[in-house]
Every structure is written in C-alpha cells, then in structure tokens.
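Residue strings, one per chain:
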Amino acid sequence: MIIFDDVHKSFGLHEVLKGINAEIAKGQVVCLIGPSGSGKSTLLRCVNGLENYQRGRISIDGTVVDAASPQVHTICTRVSMVFQRFNLFPHRTALENVMEGPLYVLKENRKQVRERAMALLNRVGLADKTNAYPASLSGGQQQRVAIARALAMRPQAILFDEPTSALDPEMVGEVLQVMRALADENMTMLVVTHEIQFAREVSDSVLFLDGGRIVEQGPAKELLRHPKHERTKDFLHRVMHPV
Ligand SMILES: Nc1ncnc2c1ncn2[C@@H]1O[C@H](COP(=O)(O)OP(=O)(O)OP(=O)(O)O)[C@@H](O)[C@H]1O
Ligand SMILES: [Mg+2]
C-alpha cells in the first residue's frame, strides 16, 4: 500500500532522510519510533506531499508521491494526517470541522456530508459535542474530532504524528482507544508514537528510525521485546524508563 524505496530528503545541506526502505501492507498498522530529530515527521510529511524529497520514491497504492506533481492533491485526499496539535479550525464547530474536507475539497453533497460527519463524531464518542467549538473541548476531545475529520475524507491510509503527546495523561487512553478501533477495522495506519505499550499491542510492525536511517524494523512484539541493535535498546530503555 505504501512503499518507501531508497528515499532521501535534505533541507539545504542537511540530509534528514538517508535512504529509507520500508513497506506498509494494506490494513497494517506500523509504528514509527525514534529519537527527536531522527526524521519521523519529515517522513510522514513526504508521504502525503507536504514535503518533497530528492531521491528514491514513495508510492501509495501504485501512485508515486511527488510534491511537484499536480496529482499531489489527489494523494493528500487519499491519505489523511492527524497531527500532535490537532490543527482544528478554531472558528468552526466540531461538526463543521469534520464537514470541511468533504464539502470543499471533495465537493460532496451537503446533506450527505452532514449525516456522515454526525455518524463519525458519534463513532469517536462525541455525538453530544457536534456544535462545540474547539476551544471549549478538552485536548482528547479535540484529537478525536481531528480523527473524525481525517476519516471524513475516506482515506486509504491515515498518518498519525504523535497524536497523544500533547495530551494530559488522563486523555491519552480515549484517543488510543479510537485508534485501536480503527486498527481493528483494518485501517492502514502509520503512527509516530512514544506509546510503546500501544505499539506492542496494536501494531503489526515497528520501524526504528535514528539519524535519518531505519536502524531496525520487524514485527512489533519481537522488536520491542528483543531489540537487536544497541541504539534500539538504548532508545527503548530511555522511553520506558524516563528520568
Ligand atoms: N522545514 C525544515 N527546515 C529545515 N530543517 C528541518 C525542517 N523540518 C525539519 N527539519 C530538520 O530535520 C530533522 C528531522 O526533523 P523531524 O521533525 O522530521 O524529526 P522528528 O523525528 O519528527 O523529531 P521529533 O520527535 O522532535 O518530532 C531535524 O534536524 C530538523 O531540525
Ligand atoms: Mg516529529
């Protein structure tokens, strides 16, 4: 579904991705872990065309992602992204936020878009918050609106960039629960996260990125329990035993 083939990306002289090779099959959940600055967000942004890359190729369901190509807008609508800081429109209600993409990007019928948006908000447990503005919602609720908004585009895959790391600890669970439900429904997901427990329970495989390279990848249970590389061991130890 998503294939990375020797992907290189630089910002000026600074090479941030140094030859990424990986594959995400349809219906798989892949967690991307790694230290700050290792290139996780950049890799995600390259997948949905928010950033260009210089060498190699990324393809989604057979279509090459090329930020310079006019087709990139189609790609963006096929792959939704959920950000750490929700990025909801502050002057629109939860319902309007969810309706925005299908209405203005996909140009779908308003009545149907509205019904679907209501159903999606219900699905993420926010049926009673349809008319609430983001500022009046908790972080966990805002992130669930953001997930409903991502789903409203009927994406083939969803990319999550640290979806729970801006949340108060007591709100992490409700967001992970929604993500777990999506995984159970076989949504293809690439998730940047520090939630090792979630990665172990929900993901099919894990990519460990360090210094712009995938140092280790493999089945989640194996890689997280028995990492082979020193750097993976080190990183996992630091994440699981923060000082
Ligand atoms: N727009 C940009 N211009 C220049 N350098 C950038 C830009 N975006 C990211 N970088 C650099 O690329 C490297 C990788 O950044 P990236 O945000 O992908 O890391 P990350 O793994 O997501 O880190 P974090 O865990 O802190 O979110 C960093 O050195 C960063 O400074
Ligand atoms: Mg990041």
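Above this note sits the structure.
Computed from a predicted structure; not experimentally measured.

### Remarks on the packing of aromatic side chains
For the structure on display, the rule yields one aromatic pair. A centroid spacing of 5.3 Å and a plane angle of 35 degrees characterise the contact between phenylalanine 208 and phenylalanine 235, whose relative ring orientation is tilted. Of this pair, phenylalanine 208 sits in strand S9 (residues 205-210) while phenylalanine 235 is found in helix H9 (residues 230-240), placing the two residues 27 residues apart along the sequence. Each member of the pair phenylalanine 208 and phenylalanine 235 is classed as buried. Just above the ring of phenylalanine 11 sits the side chain of lysine 9; from NZ or CZ to the centre is 4.5 Å.

### Description of the sheet that holds strand S3 (residues 29-33)
On the basis of which strands lie adjacent, the open sheet formed by six strands has the order S6-S7-S8-S3-S9-S10 and mixed pairing. Sheet topology places strand S6 (79-82) and strand S10 (213-219) at the edges, where each strand pairs with a single neighbour. Shown here is a sheet whose adjacent strand axes are inclined to one another by a mean of 15 degrees, direction ignored. Lying on the sheet, helix H6 (residues 169-184) is in contact with S3, strand S7 (157-161) and strand S8 (188-192); it crosses S8 at an angle near 145 degrees.

### Some remarks on helix H4 (residues 110-123)
Taking 1.5 Å as the rise per residue, H4 with 14 residues should run 20 Å; its terminal C-alpha atoms sit 20 Å apart, in good agreement. Inspection of H4 places Val113, Ala117, Leu120 and Leu121 among the buried residues, and these make up the whole buried set. Within H4, the buried residues cover an arc of 95 degrees as seen down the axis, which keeps them to one side. Of the exposed residues in H4, those oriented more than 90 degrees away from the buried face are Lys111 and Gln112. In this structure, the buried residues of H4 make contact with helix H3 (94-105) and helix H5 (139-152). Taking the backbone nitrogen of lysine 111 as reference, a side-chain oxygen 3.0 Å away marks asparagine 109 as the first, capping residue of H4. With its phi angle positive at about 80 degrees, glycine 125 sits one or two positions after the end of H4.

### What about the sheet that holds strand S1 (residues 2-11)?
Read from one edge to the other, the open sheet built from four strands follows the order S2-S1-S4-S5, with strand pairing classed as antiparallel. The open sheet has two free edges, formed respectively by strand S2 (14-24) and strand S5 (63-64), since each of these has just one partner strand.

### Let's talk about the state of the cysteines
All told, the structure shown has zero disulfides when counted by the stated rule. The structure places no disulfide on cysteine 31, whose sulfur is separated from the nearest cysteine sulfur, that of cysteine 46, by 19 Å.

### Remarks on the pairing of strand S4 (residues 55-60)
Judged from the five bridges that link them, S1 and S4 form a sheet pairing that is antiparallel. Bridge pairing in S4 places isoleucine 3 opposite serine 59. Between S4 and S5, which pair antiparallel one after the other, the connecting turn spans two residues, and aspartate 61 there sits at a positive phi close to 50 degrees.

### Notes on the nonpolar core
Residues Leu121, Ile147, Phe160, Met179, Met189 and Leu224 are the most contacted members of the largest nonpolar core, which totals 52 residues. Element by element, the count of residues in this core is highest for H6, at eight residues. Not counting residues within four places of it along the chain, the set of residues in contact with methionine 179 comprises Ile147, Phe160, Pro163, Met189, Val191 and Phe198. Formed by 28 residues, the second largest nonpolar core is a distinct cluster that contains Val7, Leu43, Ile58 and Ile214.

The rules behind these values
Residues numbered from 1 in each chain as written. Chains lettered and ligands numbered in written order. Predicted model: local features only at pLDDT ≥ 70, side-chain atom pairs only at ≥ 80, totals over all residues. Heavy atoms only, no water. Phe/Tyr/Trp six-rings, centres within 6.5 Å; stacked < 30°, edge-to-face > 60°. Helix = DSSP H or I, 4+ residues; strand = E, 2+ residues; numbered from the N terminus. Buried < 20%, exposed > 50% of the residue type's maximum accessible area, 1.4 Å probe, protein only. Lys NZ or Arg CZ within 6 Å of the ring centre and 35° of its normal. Pairing = 2+ DSSP bridges. Axes fitted to C-alpha atoms, helices over the stretch in contact; angles between N-to-C directions. Contact = heavy atoms within 4.5 Å. Expected span 1.5 Å × (residues − 1). Arc of directions from axis to C-beta. Polar contact = N/O pair within 3.5 Å; in protein donor to acceptor, adjacent residues only side chain to side chain. Disulfide = S-S within 2.5 Å. Core = buried A, V, L, I, M, F, W, Y, C linked by side-chain atoms within 4.5 Å.

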